[in-house]
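Single-letter residue listing:
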Amino acid sequence: MKTILVTGGAGYIGAHACKALKQAGYLPVCFDNFSTGWRDAVKFGPLAEGDLLDRARLDQVFAEFCPDAVMHFAALSQVGESMSDPGRYWRENVMGALNLIEATVAAGCRNFVFSSTCATYGETDQTLTEDTPQEPINAYGGSKLAIEGMLRDFSAAHDLNAVIFRYFNVAGADPEAEVGERHDPETHLIPLMLETIAGKRPALTIHGTDYDTLDGTCIRDYVHVMDLIDAHILGLKWLDKGRGGRVFNLGTGTGFSVREVVEASRSVTNKPVPISEGPRRAGDAVRLVSGSARAEQELGWLPRRSTLAEMVSDAWRWHEGDWRG
């Protein structure tokens, strides 16, 4: 059984990855400092608690578990916060990743799957491809772009093979409702909306209603978390076959505005969504839609669950169970 070190394995995407890895016959080792992750999400493999800024702890974990590959999700990811406190993002995301990459190479592990973002592309009206110029407009995207550069350099110097996935809005939850999406504080649209529907918030604030779009709200490409994790496991298999490093965008190629997501949630839950309108958030792009032709052609990846109805429905099912305790 191959062992995969999953950084951020107690977080939203990482926990789903750990479950899928276990189901696929891998042993996922969760590495997390629980600054944003949840202890009750660690249920699919062993826990190695630690911080990416602690290089000595990373070396201990590699020595103890001898992972065959690393799947790196751990990162600060709030765009607005990255604009107001960029130093924190450069320190924790970039320095943490450097420690991890150096520990990976030092341990003789050569396969690395990295969770990057379409935020590295910045502001563009085009459907994104892997060759779209990368010009991030916030420190979050900038930090992820810097890590991509580090991986390229380490790949050239140390024969490290890295698959990089760039995606934007991940949504939905495990259809079996074992794990789901929660953050503290919550900043993501669909869980915020579901909390509003459930009466846990007075209203959903739409940040910016004057964008140059059909309904004035910004547009994003939403991918179901289970589709996303399918791609990461395909990325591991790509590396296992010795195919070397590669960059893949992961998206449906279809963008939805904030108001369209709200309407889909009304339809799925059959409940009203109280709305308030607020100003734009610093660092938010107007439109980010990611094509995934390369992932389809080379990995055989297709998003099978990434309809708004299915993403909202799966998320709602998990949230209802979580609130009931």
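Quantities reported herein were computed from a predicted structural model and do not represent experimental measurements.

A. Layout of the layout of surface pockets. For the second largest pocket, the calculated volume is near 160 Å³. In this structure, the second largest pocket is lined by 15 residues; those nearest its centre are Asp40, Ala41, Glu178, Arg182 and Trp318. Looking at the lining of the second largest pocket residue by residue, the class counts come to seven nonpolar, two polar and six charged.

B. The pattern of salt bridges, seen in detail. Applying the stated criterion across every chain, the model contains 21 salt bridges. Its salt-bridge partner being Arg39, residue Glu49 comes within 2.9 Å of it at the nearest N-O pair. Taken as a pair, Glu49 in strand S3 (residues 47-49) and Arg39 in the loop between strand S2 (27-32) and S3 lie far apart in primary sequence, ten residues in all. Measuring nitrogen to oxygen at the nearest pair gives 2.9 Å for the salt bridge that ties Asp210 to Arg280. Of this pair, Asp210 sits in the loop between strand S8 (204-207) and strand S9 (219-220) while Arg280 sits in the loop between strand S13 (275-278) and strand S14 (287-288), and the two are 70 residues apart along the sequence. For Asp210, a relative accessible area of 54% corresponds to the exposed category.

C. Structural view of helix H8 (residues 258-269). The first and last C-alpha atoms of H8 sit 17 Å apart over twelve residues, in line with the 16 Å expected at 1.5 Å per residue. For H8, the set of buried residues is Val258, Val261, Val262, Ala264, Ser265 and Thr269. Taken end-on, H8 shows its buried residues confined to a sector of 160 degrees, consistent with a single buried face. Just downstream of H8, Asn270 is the residue with a positive phi angle, here 60 degrees.

D. A look at the sheet that holds strand S12 (residues 256-257). Strands sit in the order S12-S9-S14 across an open sheet of three strands; the sheet is mixed. A single partner strand is all that each edge strand has here, and the edge strands are S12 and S14. Pairing of S9 with S12 involves two bridges; the strand directions are antiparallel. Bridge pairing links Arg220 to Phe256 in S12.

E. Expanded view of the packing of helix H1 (residues 12-23) against helix H7 (residues 225-240). The N-to-C vectors of H1 and H7 enclose an angle of 60 degrees; their axes lie 9 Å apart at closest approach. Taken together, H1 and H7 sit at an angle that is classed as oblique. The hand of the H1/H7 crossing is right-handed. Along its contact with H1, which presents Tyr12, Ile13, His16, Ala17, Ala20 and Leu21, the element H7 presents Val225, Met226, Leu228, Ile229, Ile233 and Leu236.

F. Geometry of the sheet that holds strand S1 (residues 3-7). The seven strands are arranged S3-S2-S1-S4-S5-S6-S11 in an open sheet whose pairing can be described as parallel. The open sheet has two edge strands, S3 and strand S11 (246-249), and neither has a second partner. Taken pair by pair, the neighbouring strands of this sheet meet at an average axis angle of 20 degrees, ignoring direction. Bridging between S1 and S2 involves five bridges; their strand directions are parallel.

G. The arrangement of the packing of helix H2 (residues 55-65) against helix H4 (residues 86-106) in detail. In the contact formed by H2 and H4, the axes pass within 9 Å of each other and the chain directions differ by 35 degrees. The handedness of the crossing between H2 and H4 is right-handed. Across from Arg55, Leu58, Asp59 and Phe62 in H2, the residues of H4 making contact are Asn99, Leu100, Glu102, Ala103, Thr104 and Ala106. Of the residues contributing to the contact of H2 with H4, the split by class is five nonpolar, two polar and three charged.

Analysis parameters
- Residues numbered from 1 in each chain as written.
- Predicted model: local features only at pLDDT ≥ 70, side-chain atom pairs only at ≥ 80, totals over all residues.
- Heavy atoms only, no water.
- 1 Å grid on protein atoms, 1.4 Å probe; cavity = no way out; pocket = protein on both sides within 12 Å on 5 of 7 lines; lining within 4 Å.
- Points joined across faces, edges and corners; volume = space filled by probe spheres on them.
- Nonpolar A, V, L, I, M, F, W, Y, C, P; charged D, E, K, R; others polar.
- Salt bridge = Lys/Arg side-chain N within 4 Å of Asp/Glu carboxyl O.
- Helix = DSSP H or I, 4+ residues; strand = E, 2+ residues; numbered from the N terminus.
- Buried < 20%, exposed > 50% of the residue type's maximum accessible area, 1.4 Å probe, protein only.
- Expected span 1.5 Å × (residues − 1).
- Arc of directions from axis to C-beta.
- Pairing = 2+ DSSP bridges.
- Axes fitted to C-alpha atoms, helices over the stretch in contact; angles between N-to-C directions.
- Parallel < 35°, antiparallel > 145°, perpendicular 65-115°, else oblique.
- Left-handed = near helix turned anticlockwise from the far one by under 90°.
- Contact = heavy atoms within 4.5 Å.

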